[in-house]
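Residue-level listing of the chains:
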Amino acid sequence: MPGRAAPRPRPARDKLLAAAARRFYADGVAATGIDTITAEAGVAKMSLYNNFSSKAELVAAYLDARHEEWLGLYRARLDQAEGPRAAALAVFDAYADHASAAYEHGFRGCGLLNAAAELPAEDEGRTVVRRHKEEVEQLLAGHLAELLPEQPERASELAEHLAFLLEGSMARAGLEGDGARVQRARALAATLLDTL
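Residues numbered from 1 in each chain as written. Predicted model: local features only at pLDDT ≥ 70, side-chain atom pairs only at ≥ 80, totals over all residues. Heavy atoms only, no water.

Caption draft 1: The UniProt feature "DNA-binding region" (unreviewed entry) in the protein chain, seen in detail. When the UniProt feature table is mapped to this numbering, "DNA-binding region" (unreviewed entry) covers residues 33-52. Structurally, residues 33-52 comprises 75% helix and 0% strand, and the distance from its first C-alpha atom to its last is 14 Å. (UniProt positions renumbered as here; feature names shortened; annotations may be inferred. Helix = DSSP H or I, 4+ residues; strand = E, 2+ residues; numbered from the N terminus.)

Caption draft 2: Structural detail: the nonpolar core. One finds Phe24, Ile37, Leu58, Leu63, Trp70, Leu140 and Leu162 to be the most contacted residues of the largest nonpolar core, which totals 56 residues. Of all elements in the fold, only α1 (12-27), α2 (34-41), α4 (55-80), α5 (84-100), α6 (111-118), α7 (124-147), α8 (152-176) and α9 (180-194) reach the threshold of two or more residues within this core. With nine residues, the single largest contributor to this core is α5. (Core = buried A, V, L, I, M, F, W, Y, C linked by side-chain atoms within 4.5 Å. Buried < 20%, exposed > 50% of the residue type's maximum accessible area, 1.4 Å probe, protein only.)

Caption draft 3: Fine view of the layout of surface pockets. If you add up the space inside the largest pocket, you get close to 190 Å³. As for the largest pocket, its lining consists of twelve residues, of which Ala21, Arg22, Tyr25, Arg66 and Tyr103 are closest to the centre. For the lining of the largest pocket, the secondary-structure elements that each account for two or more residues are α1 and α4. Per element, the largest residue contribution to the lining of the largest pocket is four residues, and it comes from α1. Among the residues making up the lining of the largest pocket, the classes are represented as five nonpolar, two polar and five charged. (1 Å grid on protein atoms, 1.4 Å probe; cavity = no way out; pocket = protein on both sides within 12 Å on 5 of 7 lines; lining within 4 Å. Points joined across faces, edges and corners; volume = space filled by probe spheres on them. Nonpolar A, V, L, I, M, F, W, Y, C, P; charged D, E, K, R; others polar.)

Caption draft 4: Region of interest: empty space enclosed by the protein. Enumeration over the complete set of coordinates arrives at one cavity of 30 Å³ or more. The element contributing the most residues to the lining of the largest cavity is α4, with four residues. Of the residues that constitute the lining of the largest cavity, the class distribution is five nonpolar, three polar and two charged.

Caption draft 5: Expanded view of the packing of aromatic side chains. Applying the stated criterion across every chain yields a total of three aromatic pairs. Arranged with centres 5.2 Å apart and planes meeting at 55°, the rings of tryptophan 70 and tyrosine 95 form a pair that is tilted. Here tryptophan 70 is found in helix α4, whereas its partner tyrosine 95 is found in helix α5, with 25 residues between them in sequence. When its relative accessible area of 5% is taken as the criterion, tryptophan 70 is described as buried. Here the aromatic residues Trp70, Tyr74 and Tyr95 are joined through ring pairs into a cluster of three or more. (Phe/Tyr/Trp six-rings, centres within 6.5 Å; stacked < 30°, edge-to-face > 60°.)

Caption draft 6: Examining the side chain of histidine 67 more closely. By the element assignment, histidine 67 lies in helix α4. For histidine 67, a relative accessible area of 12% puts it in the buried group. Setting aside residues no more than four positions away along its own chain, histidine 67 makes contact with His132 and Glu135. (Contact = heavy atoms within 4.5 Å.)

Caption draft 7: Structural context of the pattern of salt bridges. On inspection of all chains with the given rule, the structure shows 13 salt bridges. The partner of arginine 22 in a salt bridge is glutamate 40, with the nearest N and O atoms 2.5 Å apart. Placement of the pair is arginine 22 in helix α1 and glutamate 40 in helix α2, with a sequence separation of 18 residues. Put simply, lysine 45 and aspartate 35 hold a salt bridge, and the shortest N to O gap is 3.1 Å. With a gap of ten residues between them, lysine 45 in helix α3 (residues 45-51) and aspartate 35 in helix α2 connect regions that are remote in the sequence. Residue classification places lysine 45 among the partly exposed residues on the basis of a relative accessible area of 42%. (Salt bridge = Lys/Arg side-chain N within 4 Å of Asp/Glu carboxyl O.)

Caption draft 8: Main features of α4. Between its first and last C-alpha, α4 extends 38 Å over 26 residues, near the 38 Å set by a 1.5 Å rise per residue. Every buried residue of α4 is listed here: Leu58, Val59, Ala60, Ala61, Tyr62, Leu63, Arg66, His67, Trp70, Leu71 and Tyr74. Looking at the buried side of α4, the elements it contacts are α1, α2, α3, α5, α6 and α7. (Expected span 1.5 Å × (residues − 1).)

What follows is the structure, encoded as structure tokens:
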């Protein structure tokens with residue numbers, strides 16, 4: 001149309017990250033080769049090496065992107081939350097949103113944990129995953145500290161308890177292929193918060 005700018009093509013880096021996200025989540029990190037990613041992204045193999053020094057760097061970028069994606073889900077839920085109880089439950093809701101997203105080959109659980117399970121113990125990617133899980137527990141702890149301002153130790157212990165509940169539900173949800181366990185964990189968390 002006259003006067004309208006043509007849509008800007010997506011940079012190769014974005015295409016590569018999107019393709020890696022789909023393939024790593026569906027097939028696993030180890031089972032997904034560079035050729036598969038570049039073919040799905042529709043870019044030349046050299047484009048991958050122009051944007052990432054190695055597959056390991058691509059994996060780390062994928063993990064960072066998954067973390068940011070989850071933070072976006074959480075912030076959207078947090079914006080709707082009224083009070084610290086609802087804010088704590090927003091963490092569960094963000095995981096439930098993740099579980100209910102449309103995945104090409106179905107829901108397989110937490111993409112971060114799935115990738116970490118495949119990486120060697122000293123891999124930087126495992127550090128990214130650990131930081132994500134620590135941040136989730138810290139978010140819970142912050143909301144619970146508001147809910148229990150006179151009991152900081154109890155708030156911290158409860159945050160750890162809820163983080164374990166959340167992680168266990170995600171593991172089971174991934175094995176079962178749907179988010180029902182996450183919804184059940186949220187209901188359990190809500191009941192527990194109602195007793196405070």
